[in-house]
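# Coordinates in review
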Amino acid sequence: MTVEQGLLLLIAAAAVGVVAMIFVLRRQRREREAIQESRFATSTEGEKRCPYCGMFNLWTARDCVSCHRKLPG
């Protein structure tokens, strides 16, 4: 392998690395944008979770709104 071929191979490898890094950074940016919080706040305070299906119910509810089973407490 000549010096010119080695240099060309090194430049090609660097170009592939730069392109790969651009794709990784773009993907990370898209993932960050997709995870943005809603402007509508949600809270589970004052709610209790059904032990059977995991649905959140009002603290005063006696039956689950999802599976209609009796809630403890």
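Residues numbered from 1 in each chain as written. Predicted model: local features only at pLDDT ≥ 70, side-chain atom pairs only at ≥ 80, totals over all residues. Heavy atoms only, no water.

### Some points on the overall build of the protein
- Secondary structure summary: the protein contains one helix and two strands in total.
- Here the protein displays about 6,900 Å² of accessible surface, and carbon together with sulfur accounts for 61% of that area. (Helix = DSSP H or I, 4+ residues; strand = E, 2+ residues; numbered from the N terminus. Areas by Shrake-Rupley, 256 points an atom, 1.4 Å probe, with all protein chains shown as cover.)

### Observations regarding the side chain of Asn-57
- Looking at where Asn-57 falls in the secondary structure, it is placed in strand E2 (residues 56-58).
- From its side chain, Asn-57 meets the backbone oxygen of Met-55 in a polar contact 3.1 Å long.
- A polar contact of 2.8 Å, which involves the side chain of Asn-57, links it to the backbone nitrogen of Val-65.
- In this structure, Asn-57 is in contact with Gly-46, Glu-47, Lys-48, Cys-50, Asp-63, Cys-64, Val-65 and Leu-71, ignoring residues within four places of it in sequence. (Polar contact = N/O pair within 3.5 Å; in protein donor to acceptor, adjacent residues only side chain to side chain. Contact = heavy atoms within 4.5 Å.)

### Regarding a nonpolar patch on the surface
- Taken together, the side chains of Leu-7, Leu-10 and Ile-11 define a hydrophobic patch exposed on the protein surface, amounting to about 320 Å² of accessible area.
- Mapped onto the elements of the fold, Ile-11 is located in helix H1 (residues 3-34). (Patch = residues over 30% accessible without salt bridge, like charges linked within 9 Å, V, L, I, M, F, W, Y side chains within 5 Å. Salt bridge = Lys/Arg side-chain N within 4 Å of Asp/Glu carboxyl O.)

### Quick look at the packing of aromatic side chains
- On inspection of all chains with the given rule, the structure shows zero aromatic pairs.
- The aromatic ring of Trp-59 is capped on one face by Lys-48, whose charged end is 5.6 Å from the ring centroid.
- For Arg-69, the ring lying beneath its charged end belongs to Tyr-52, and the centroid distance is 4.6 Å. (Phe/Tyr/Trp six-rings, centres within 6.5 Å; stacked < 30°, edge-to-face > 60°. Lys NZ or Arg CZ within 6 Å of the ring centre and 35° of its normal.)

### Description of the side chain of Lys-48
- Among the secondary structure elements, Lys-48 is positioned in strand E1 (residues 47-49).
- Within the buried set, Lys-48 has no salt-bridge partner at all; the shortest N-O distance to an opposite charge, 9.2 Å, is to Asp-63.
- Side-chain polar atoms of Lys-48 contact the backbone oxygen of Ala-61, separated by 3.3 Å.
- Among residues more than four places away in sequence, those in contact with Lys-48 are Met-55, Phe-56, Asn-57, Leu-58, Trp-59, Ala-61, Leu-71, Pro-72 and Gly-73. (Buried < 20%, exposed > 50% of the residue type's maximum accessible area, 1.4 Å probe, protein only. Lys, Arg positive; Asp, Glu negative; His and termini not counted.)

### What to know about unusual backbone geometry
- Even without being glycine, His-68 reaches a positive phi, approximately 60°.
- When you line up the elements, His-68 lands in the segment after E2.

### Let's talk about the environment of Arg-49
- Mapped onto the fold, Arg-49 is located in strand E1.
- Apart from residues lying up to four places away in sequence, Arg-49 is in contact with Gly-54, Met-55 and Phe-56.
- There is a polar contact of 3.3 Å between the side chain of Arg-49 and the backbone oxygen of Gly-54.

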